[in-house]
Amino acid sequence: MKSDPIRILVTGGTFDKEYNELTGELFFQHTHVSDMLRLGRCQLDVEIETLMMIDSLQMTDAGRAHILARCQAAPENRIVITHGTDTMELTAAILGPHLAGKTVVLTGAMIPYTFGSSDGIFNLGTALAFVQTLPSGVYISMNGRHFHWNAVHKNRALGVFEEV
């Protein structure tokens, strides 16, 4: 059985951070989403598009407008967005009112993929499952749960997303 095509929009965030052993700094080089899908033995019809490679604390209104425009222009009705967790809910709030007829799931990671103990593969996998099964709308998916765009916040003390 063939699944509907899914577009994955990459924006950076902890998913794609690398560690510089000499300086101790985190930086971006390229996305790891293809590697994550390969390791997870993904059999879905996906198209990966890198929009930007930034920490979500650097996300601007112009960046969010670009993400919205790409979602609107995408031929696919199912979209997963990798995004930094610090401002993911702000981006979801911009997308939510404007993407009728599409199912969009934002996801991220608390630990970089390159660290080897990342939650990113799990979060990407659950986001891909949710984007196929949820009705149209905009959601955030983290730690095996999904939240509607206008009923979620990040609990910074616990490092988890919660329903509001």
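That block above? That's the structure.
What comes next concerns the included structure.

Conventions and cut-offs
- Residues numbered from 1 in each chain as written.
- Predicted model: local features only at pLDDT ≥ 70, side-chain atom pairs only at ≥ 80, totals over all residues.
- Heavy atoms only, no water.
- Salt bridge = Lys/Arg side-chain N within 4 Å of Asp/Glu carboxyl O.
- Helix = DSSP H or I, 4+ residues; strand = E, 2+ residues; numbered from the N terminus.
- Buried < 20%, exposed > 50% of the residue type's maximum accessible area, 1.4 Å probe, protein only.
- Pairing = 2+ DSSP bridges.
- Axes fitted to C-alpha atoms, helices over the stretch in contact; angles between N-to-C directions.
- Core = buried A, V, L, I, M, F, W, Y, C linked by side-chain atoms within 4.5 Å.

**Points about the pattern of salt bridges**
Point 1. On inspection of all chains with the given rule, the structure shows eight salt bridges.
Point 2. In this structure, Asp86 and Lys154 form a salt bridge, with 3.3 Å as the shortest nitrogen-oxygen distance. Of this pair, Asp86 sits in the loop between strand E5 (78-82) and helix H3 (88-95) while Lys154 sits in strand E9 (residues 152-155), and the two are 68 residues apart along the sequence.
Point 3. What makes Asp86 partly exposed here is its relative accessible area of 27%.
Point 4. We classify Lys154 as buried; its relative accessible area is 13%.

**Considering the sheet that holds strand E7 (residues 137-142)**
Point 1. Spatial ordering of the open sheet is given by E4-E1-E5-E6-E7-E8, a layout of six strands whose pairing is mixed. Single-partner strands in this sheet number two, and they are strand E4 (46-54) and strand E8 (145-148). Ignoring strand direction, the axes of neighbouring strands in this sheet form an average angle of 20°.
Point 2. Relative to E5, strand E1 (residues 6-12) runs parallel, the two being bridged by five bridges. By the bridge assignment, Val10 is partnered in E5 with Thr82.

**Some points on the nonpolar core**
Point 1. Ranked by internal contacts, the top residues of the largest apolar core, which has 24 residues, are Ile67, Ile81, Leu95, Val104, Leu106, Val138 and Ile140.
Point 2. Grouped together as the second largest cluster of nonpolar side chains are 18 residues, Ile6, Val33, Val105 and Phe130 included.

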